[in-house]
Amino acid sequence: MRIVLSDFMSLDGVVQAPGGEDEDRDGGFAHGGWSHPFFDVEAMGAALGEASAATEALLFGRRTYDTMAGAWPDRAGDPFADHMNSVQKYVVSRSLTQADLTWNNSTLLPADDVVGAIRELKARPGGDIAVMGSTSVARLCVEHDLVDEYLLMIEPILLGGGKRVFPDDGTRRTLELVSSTVAATGVLICTYRPVV
């Protein structure tokens, strides 16, 4: 399986709370929902739909899992919602237990060896494992060179600070641009893969 990291990203690399005002206020972040004005249904919706079609599993951190589990089960009947509800979900958390995971097809990964568990998932046959949001999990995957593809929607806004998925570890990671599209709202929809 491949790990595909999918993020709405500001021009200065911030991925924190693109979807809602109260999504993630860590560090005093005051720009929740910043992505909405730039969403282009035609271009961005098509890119997300294409990525979803190849996705056989989702990998979440606790906060993103809680948000998604609180939103998607009530949206049955929409093809994207049905897909979100039916695929396997893997959750990284030190505070949740398997019994806390009430969204169907959800599995808690062992907290004592998350990287090993993710490597084991990647070794299985199948389609893509999508990491949507989940900043700490995404960063962990980048740090350990577990990401096979990046789907970045780089939006024309500077947020001046906030959570980023790229580590500040001094390691050089070369990427190849596989495709790019410019949305009507000025968003660059870019797909990158690591150069090996």
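Before reading further, recall that the structure is shown in the block above.
Residues numbered from 1 in each chain as written. Predicted model: local features only at pLDDT ≥ 70, side-chain atom pairs only at ≥ 80, totals over all residues. Heavy atoms only, no water.

Undergrad: An account of the pattern of salt bridges is needed here, citing residue identities and associated values.
TA: Taken as a whole and assessed by the stated rule, the structure comprises 14 salt bridges. A salt bridge links Lys122 to Asp148; the shortest N-O distance between them is 2.6 Å. Here Asp148 lies in the loop between helix H5 (135-143) and strand E6 (149-155) and Lys122 lies in helix H4 (residues 114-123), a separation of 26 residues in the sequence. Linking Arg173 and Asp169 is a salt bridge whose minimum nitrogen-to-oxygen distance equals 2.9 Å. Members of the salt-bridge network, linked through shared partners, are Arg2, Asp128, Glu149 and Arg193. (Salt bridge = Lys/Arg side-chain N within 4 Å of Asp/Glu carboxyl O. Helix = DSSP H or I, 4+ residues; strand = E, 2+ residues; numbered from the N terminus.)

Undergrad: Could you give an account of the side chain of Gln16, with specific residues and numbers?
TA: Examined against the element boundaries, Gln16 turns out to sit in the loop between strand E1 (2-10) and helix H1 (41-54). At 3.0 Å, the side chain of Gln16 forms a polar contact with the backbone oxygen of Asp26. Contact partners of Gln16, with chain neighbours within four places excluded, come to Asp24, Arg25, Asp26, Phe29, Trp34, Gly162 and Lys163. (Polar contact = N/O pair within 3.5 Å; in protein donor to acceptor, adjacent residues only side chain to side chain. Contact = heavy atoms within 4.5 Å.)

Undergrad: Could you give an account of helix H3 (residues 79-86), with specific residues and numbers?
TA: Among all positions of H3, only Ala81, His83, Met84 and Asn85 are buried. For H3, the secondary structure elements touched by its buried residues are H1, strand E2 (55-61), helix H2 (62-71), strand E3 (88-92) and strand E5 (128-132). By the N-cap criterion, in which a side-chain oxygen at the helix start approaches the backbone nitrogen of a residue two or three places on, H3 is capped by Asp78, the distance to Phe80 being 3.0 Å. (Buried < 20%, exposed > 50% of the residue type's maximum accessible area, 1.4 Å probe, protein only.)

Undergrad: Any chance you could break down the packing of aromatic side chains for me, citing the residues and the numbers?
TA: This structure, assessed with the given rule, holds six aromatic pairs. Taking 6.0 Å as the distance between ring centres and 50° as the angle between the ring planes, the aromatic pair formed by Tyr65 and Trp103 counts as tilted. Of this pair, Tyr65 sits in helix H2 while Trp103 sits in the loop between E3 and strand E4 (106-108), and the two are 38 residues apart along the sequence. Both residues of the pair, Tyr65 and Trp103, belong to the buried class. Judged by centre distance (6.1 Å) and plane angle (50°), the rings of Tyr150 and Phe166 are tilted. Pair noted here: Tyr150 is in strand E6 and Phe166 is in the loop between E6 and strand E7 (175-182), with a separation of 16 residues, a long-range link. Judged by its relative accessible area of 31%, Phe166 falls in the partly exposed class. (Phe/Tyr/Trp six-rings, centres within 6.5 Å; stacked < 30°, edge-to-face > 60°.)

Undergrad: Tell me about the nonpolar core, and please be specific about residues and values.
TA: Residues Leu59, Leu109, Ile118 and Cys141 are the most contacted members of the largest nonpolar core, which totals 28 residues. With five residues, the top contributor of residues to this core is H4. Not counting chain neighbours up to four residues away, the residues in contact with Ile118 comprise Ile3, Leu59, Leu109, Leu140, Cys141 and Leu146. Residues Met68, Ala81, Val87 and Leu96 belong to the second largest nonpolar core, which totals 13 residues. (Core = buried A, V, L, I, M, F, W, Y, C linked by side-chain atoms within 4.5 Å.)

Undergrad: Any details on the pairing of E1? Residues and values, ideally.
TA: Among the nine residues of E1, seven are classified as buried, and the element is accordingly described as predominantly covered. Where E1 meets E5, five bridges bridge the pair, whose relative direction is parallel. Within E5, the residue paired with Leu5 across the bridge is Val131. Both E1 and E6 contribute to a ladder of seven bridges, which runs parallel. Bridging across to E6, Leu5 finds its partner in Tyr150. (Pairing = 2+ DSSP bridges.)

The values reported here are purely geometric and, on their own, carry no functional implication.
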